[in-house]
Amino acid sequence: MSETKPFSISKQHVVNAYRLVKANRGAAGVDGQSVKAFEENLKDNLYKIWNRMSSGSYFPPPVRQVEIPKGDGRMRPLGIPTVSDRITQMVAKMTLEPKVEPEFHTDSYGYRPGKSALDAVGKARERCLRMDWVIDLDIRDFFGSLDHNLMMKAVRHHTDLKWIHLYVQRWLTAPVQREDGTLEERTAGTPQGGVISPLLANLFMHYAFDEWMRRKYPAVPFERYADDVVIHCVSLAQARHILEAVRERLSECKLELHPEKTKIVYCKDDRRRGKFGKYKFDFLGYTFRPRGAWGPSRQTFVGFLPAMSDKAAKKIRETVRGWRLARGWNNQSLEVLARLINPAVRGWVAYYGRYYRSRCLQVLGRCLTAALVKWAMRKYKRLRGRWVGAYYWLGRVAARDRALFTHWGFGARPPAGR
């Protein structure tokens with residue numbers, strides 16, 4: 001180390017961070033620079049990042065804020081750092097993550113190596129079959145509310161690297177540039193969309209919730225994915241007690257539970273005959289509620305089971321409509337449409353078809369059939385205005401080539417031909 005380079009950060013570390021950022025792609029930040037444009041002067045740009053980080057003179061630019069629709073119709077603010085800032089954040093993330101990851105709770109699933117949202121859904125499914133009550137926690141404006149002082153306290157606890165302290169503090173306080181160009185200073189929170197934000201959020205919740213639950217209620221299981229939390233209880237009395245204790249604990253950490261969305265749910269099924277006001281909750285794109293199912297001996301029963309949520313189904317239908325097959329693709333063949341549609345369908349089935357697959361296939365079958373029928377009506381003159389005729393035409397295609405569209409092969413019922 002020298003006086004001009006007080007921080008020891010290797011150039012190779014910066015190169016590795018750039019490669020990860022490039023693989024993740026992403027939109028341009030406030031400077032309008034894309035990854036492709038950054039690469040036009042790649043060597044010099046990477047050197048500038050290394051030089052400024054090593055000397056302590058790197059200051060993050062404002063974060064570009066865009067709003068994306070949430071499942072409930074409201075908008076979620078998303079922060080988009082510049083390409084250079086994403087690389088610097090990745091350098092810090094690659095350094096800090098190995099220090100904190102081994103400390104994280106087993107049932108923390110969000111943004112962690114080797115863990116996934118489906119792992120969390122599966123564990124919740126298993127525990128709902130064993131335990132009668134669930135607390136569905138909803139933290140109001142979690143990413144926008146994280147207390148900077150508490151956040152920095154947690155970071156300092158896990159590393160004595162001064163450059164990590166310096167740059168995390170600067171990222172936390174970097175201003176937000178709204179869509180109209182105005183700048184807003186930030187005194188709390190971390191931008192949802194930043195490279196290091198998920199790791200910081202996990203670190204914050206590790207101390208605000210996970211470790212507190214382990215100390216206070218070691219026998220009470222939970223699943224947490226970032227700020228989505230499900231707690232399992234053996235009785236209504238226990239659920240009410242723990243909910244109030246969690247509310248007080250999060251308040252101490254400057255977080256607030258949403259009063260309407262946070263709720264206690266009874267996991268009603270064939271074995272549980274009690275009555276309670278709420279029998280369902282959403283978790284990571286799945287709705288848990290009483291559902292009919294087949295037992296091992298082909299007998300029917302009602303279980304408390306997860307399936308694709310209405311919000312997820314609505315989002316898929318909106319995506320399919322957004323493809324505008326009938327207008328933008330009516331000069332293409334069915335084979336071209338299949339190449340467009342099939343990768344998305346495989347992703348949807350892989351996620352939403354893991355549990356109660358019939359619900360996922362029902363949604364896909366209906367919305368994709370409707371989109372393809374409309375496409376056929378617009379492409380072929382003989383089918384104009386003839387919904388039934390186009391429907392049966394698609395059925396004949398399905399009978400000839402069931403493998404053409406992925407959802408047909410997965411078991412989504414194709415149209416019947418005649």
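Provided above is the structure to which this section pertains.
The rules behind the values
Residues numbered from 1 in each chain as written. Predicted model: local features only at pLDDT ≥ 70, side-chain atom pairs only at ≥ 80, totals over all residues. Heavy atoms only, no water. Helix = DSSP H or I, 4+ residues; strand = E, 2+ residues; numbered from the N terminus. Buried < 20%, exposed > 50% of the residue type's maximum accessible area, 1.4 Å probe, protein only. Pairing = 2+ DSSP bridges. Axes fitted to C-alpha atoms, helices over the stretch in contact; angles between N-to-C directions. Contact = heavy atoms within 4.5 Å. Parallel < 35°, antiparallel > 145°, perpendicular 65-115°, else oblique. Left-handed = near helix turned anticlockwise from the far one by under 90°. Nonpolar A, V, L, I, M, F, W, Y, C, P; charged D, E, K, R; others polar. Phe/Tyr/Trp six-rings, centres within 6.5 Å; stacked < 30°, edge-to-face > 60°. Lys NZ or Arg CZ within 6 Å of the ring centre and 35° of its normal.

## Describing the side chain of H206
Residue placement: H206 occurs in helix 9 (residues 197–216). Judged by its relative accessible area of 3%, H206 falls in the buried class.

## Here's the deal with the sheet that holds strand 6 (residues 222–225)
Taken together, four strands build an open sheet; the order of strands is 6-7-3-8 and the sheet is antiparallel. Edge positions in the open sheet fall to strand 6 and strand 8 (263–266), since each of these has one partner strand only. Strand-to-strand, the axes of this sheet are offset by a mean angle of 15°, without reference to chain direction. Bridge count for strand 3 (residues 133–138) against strand 7 (residues 228–233) is six bridges, and the pairing is antiparallel. Each residue of the ladder has a partner; that of V134, found in strand 7, is H232. In the packing of helix 5 (residues 117–130) onto the sheet, contacts are made with strand 3, strand 6 and strand 7, and the angle to strand 6 comes to roughly 160°.

## Focus: the sheet that holds strand 2 (residues 75–80)
Taken in spatial order, the four strands line up as 2-1-4-5 in an open sheet, and their pairing is mixed. The sheet is open, and its two borders are formed by strand 2 and strand 5 (183–184), each paired with just one other strand. Where strand 1 (residues 63–69) meets strand 4 (residues 176–177), two bridges bridge the pair, whose relative direction is parallel. Residue pairing for strand 4: R64 is matched across the bridge by Q177.

## Notes on unusual backbone geometry
With a phi angle near 55°, Y111 is a residue other than glycine that sits in the positive phi range. With respect to the helices and strands, the residue Y111 is situated in the loop between helix 4 (83–100) and helix 5. We note that Y356 has phi near 55°; this positive angle belongs to a residue other than glycine. Assignment of secondary structure puts Y356 in the loop between helix 13 (334–352) and helix 14 (357–379). Judged by relative accessible area, Y356 falls into the partly exposed class, the value being 29%.

## Looking at the packing of helix 4 against helix 9
At a minimum axis distance of 10 Å, the contact between helix 4 and helix 9 shows a crossing angle of 25°. Between helix 4 and helix 9, the crossing angle belongs to the class labelled roughly parallel. The crossing of helix 4 and helix 9 is left-handed. On helix 9, the residues touching K93, L96, E97 and V100 of helix 4 are L199, L200 and L203. Considering only residue class, the contact of helix 4 with helix 9 consists of five nonpolar, no polar and two charged.

## Some details on the packing of helix 3 (residues 42–55) against helix 4
The N-to-C vectors of helix 3 and helix 4 enclose an angle of 50°; their axes lie 11 Å apart at closest approach. In terms of their interaxial angle, helix 3 and helix 4 are classed as oblique. The crossing of helix 3 and helix 4 is right-handed. When helix 3 is examined against helix 4, the residues L46, I49 and M53 are found in contact with a partner set consisting of S84, I87, T88 and V91. Taken together, the residues of the contact of helix 3 with helix 4 break down into five nonpolar, two polar and no charged.

## With respect to the pairing of strand 7
Burial within strand 7 is extensive, with five of its six residues counted as buried. The turn linking strand 6 back onto strand 7 is made up of two residues, and A226 within it adopts a positive phi angle of 60°.

## Regarding the packing of aromatic side chains
Within the structure shown, the criterion is met by 23 aromatic pairs. When the ring of Y286 is compared with that of Y352, the centres are 6.2 Å apart and the planes differ by 40°; the resulting orientation is tilted. In this pair, Y286 sits in strand 10 (residues 286–294) while Y352 sits in helix 13, placing the two residues 66 residues apart along the sequence. On the accessibility criterion, Y352 (16% relative accessible area) is buried. Three or more aromatic residues joined by ring pairs form one cluster here, namely W133, Y266, F276 and Y279. The ring centre of F59 lies 3.7 Å from the NZ or CZ of R170, which sits over that ring.

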